[in-house]
Amino acid sequence: MRSKTKSKVLKLFVFSGISAFALYSLMGFTSSASPEVQQEALLQKKAESQIEERSHVAKLLATQVRANEFPSKAKVQWDGQDRNVTVKYTLDETLQNEAERLLKSYKPDYGAIFMYDATTGEVLTMASFQRDNPHATNMNLQATFPAASVFKVVTATAAVDKAGVDPEHKIHYNGGAHTLYKKNVLSDKVTRWTNVITLRDAFARSINTAFGRLSIENLHPEDLNEYSNRFMFNQEIPTDFPVDMGVAYIPPGKGFEMAEAASGYNKTNRMSPVQGAMIAASVANDGKVVVPYLVSSMQDDEGKTLYLGSPLNRGTTMTKESAAKVRELMEQTVISGTSRRSFRPLMKDRKFREIVMGGKTGHLTGDNPAGRVDWFVGYALDEDRKIAVAAITVNKKFWTVKSAHLGQSMFKKYFGPIVQNGSKGNVVSSN
């Protein structure tokens, strides 16, 4: 564990004495390649090396991390040899203790909190809890939970970024706020009972039928597939710890099944808390996808550094302008949407008035583990810092705490000392 004051680690990539010219030649380029092409080749090679090293570290520590253990000493295989290593993690001790305290205090049947620095990718908190099994595996790494209404972030991003829809865009829909019936989704009739709502409010209140209509009127299945992939569904997430792959299936053709997926009203699309936090982080990060990493460094007994953690970007989900619009949607959730009650104390606290917070809630009955799934994914930021969190609880019968409350508690713990000292800050959250 380390303190909140984090040192910036720069990773050096040495190509075993291969000259830049030789590297370009090996990659199919010649000396006539433009500087831009050459730079892109080097960046790609660096990313590939980084991903390979992360994958190796993930395999070495898989057993311990899945068991919620973060050993400072370990025996690993490196370059074909057994080595005793010292491992330093990015985890923030104060925040990790707070996340564990919250879960043990509220005692949901199942619960997990994952938080990371959205700018650097450093994991700050990875806490997991199971009421009837203190030795249960780390839930943060499981992609067995239905994405539920969190998937509305993907749909909203596609609508804003691909279809050019604005937060003030009006959606006409028939039926109730939180149901989803085929006759209502497929109906374009406007009667005196038809509801009219803006995208901003439909997102904040998580109106399923409105999102179903939004997808049918403005999107195609290919669009939802494209943006699902941008948010790293259906692919391995290149972390340095083991995490399951999230899955998003968008049925072909414009119909009720597409509307179900777009509104998050199905159990097919699933994700992990790690991916949930990444979704929120990308919105906060102007569309950049920053992949988390857990290990700060790994050294052998002779003091030789075997691995240094460093930031890794994997594309973009949307333009900077679109990200600002999606943040506008997410802010409304805290102000008047599904997480307003959980965030009300924080929003009323004058010390936090400059902090920007945003997020999304989601609810659906899952089967692994069985119970009612409650999501909150969100971000909080100021001029200098961006953090993203995913909190999830699963309960068999009774609620003990809302995941949105866990999320705002972690934001408060992170930014509390900063605003208390008079530092500049800004907060955002959503449902």
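Structure's up top.
Residues numbered from 1 in each chain as written. Predicted model: local features only at pLDDT ≥ 70, side-chain atom pairs only at ≥ 80, totals over all residues. Heavy atoms only, no water.

Quick notes on the packing of helix α4 (residues 152-161) against helix α7 (residues 208-218)
For step 1, the next point in the chain: It is at 11 Å that the axes of α4 and α7 come closest, and there the two elements cross at 40°. Both α4 and α7 take part in a crossing whose hand is left-handed. Seen from α4, the contacting residues are Lys152, Thr155, Ala156 and Ala159; seen from α7, they are Asn208, Phe211 and Leu214.
For step 2, the next point in the chain: Among the residues making up the contact of α4 with α7, the classes are represented as 4 nonpolar, 2 polar and 1 charged. (Axes fitted to C-alpha atoms, helices over the stretch in contact; angles between N-to-C directions. Helix = DSSP H or I, 4+ residues; strand = E, 2+ residues; numbered from the N terminus. Left-handed = near helix turned anticlockwise from the far one by under 90°. Contact = heavy atoms within 4.5 Å. Nonpolar A, V, L, I, M, F, W, Y, C, P; charged D, E, K, R; others polar.)

Considering the packing of aromatic side chains
For step 1, the next point in the chain: Under the definition given, this model contains 10 aromatic pairs.
For step 2, the next point in the chain: A ring pair is formed by Phe376 and Phe411, whose centres lie 6.4 Å apart and whose planes are at 70°; its orientation type is edge-to-face. Of this pair, Phe376 sits in strand β14 (residues 370-381) while Phe411 sits in helix α13 (residues 403-420); the two residues are 35 residues apart in sequence, bridging distant segments of the chain.
For step 3, the next point in the chain: Judged by relative accessible area, Phe376 falls into the buried class, the value being 0%.
For step 4, the next point in the chain: Taking the centre distance of 4.8 Å and the plane angle of 70° together, the rings of Tyr414 and Phe415 count as edge-to-face.
For step 5, the next point in the chain: Here Phe415 falls in the buried class, since its relative accessible area comes to 0%.
For step 6, the next point in the chain: Here a set of aromatic residues connected by ring pairs shows up, and it is made of Phe114, Tyr116 and Phe241. (Phe/Tyr/Trp six-rings, centres within 6.5 Å; stacked < 30°, edge-to-face > 60°. Buried < 20%, exposed > 50% of the residue type's maximum accessible area, 1.4 Å probe, protein only.)

A word on the pairing of strand β13 (residues 356-367)
For step 1, the next point in the chain: Relative to β14, β13 is paired through 12 bridges, and the arrangement is antiparallel. Bridge pairing in β14 links Gly358 to Tyr379.
For step 2, the next point in the chain: The turn joining β13 and β14, which pair antiparallel and follow one another in sequence, is formed by 2 residues. (Pairing = 2+ DSSP bridges.)

Structural notes on a positive patch on the surface
For step 1, the next point in the chain: A contiguous patch of positive charge, built from Arg340, Arg341, Arg344 and Lys348, is present on the exposed surface.
For step 2, the next point in the chain: Among the secondary structure elements, Arg340 is positioned in helix α12 (residues 340-348). (Patch = residues over 30% accessible without salt bridge, like charges linked within 9 Å, V, L, I, M, F, W, Y side chains within 5 Å. Areas by Shrake-Rupley, 256 points an atom, 1.4 Å probe, with all protein chains shown as cover. Salt bridge = Lys/Arg side-chain N within 4 Å of Asp/Glu carboxyl O. Lys, Arg positive; Asp, Glu negative; His and termini not counted. Charge placed at Lys NZ, Arg CZ, Asp CG, Glu CD.)

A look at the sheet that holds strand β11 (residues 305-308)
For step 1, the next point in the chain: In spatial order, the strands read β1-β2-β10-β11; together these 4 strands make up an open sheet with antiparallel pairing. This sheet does not close on itself; its edge strands, each paired only once, are β1 (73-78) and β11. Each strand of the sheet is rotated relative to its neighbour by a mean of 30°, with strand direction disregarded.
For step 2, the next point in the chain: Relative to strand β2 (residues 81-89), β1 runs antiparallel, the two sharing 6 bridges. Across the sheet, the residue bridging to Ala74 is Val85, located in β2.
For step 3, the next point in the chain: Here helix α2 (residues 35-66) sits on the sheet and contacts β1, β2, β10 (295-300) and β11; the angle it forms with β1, its principal contact strand, is near 125°.

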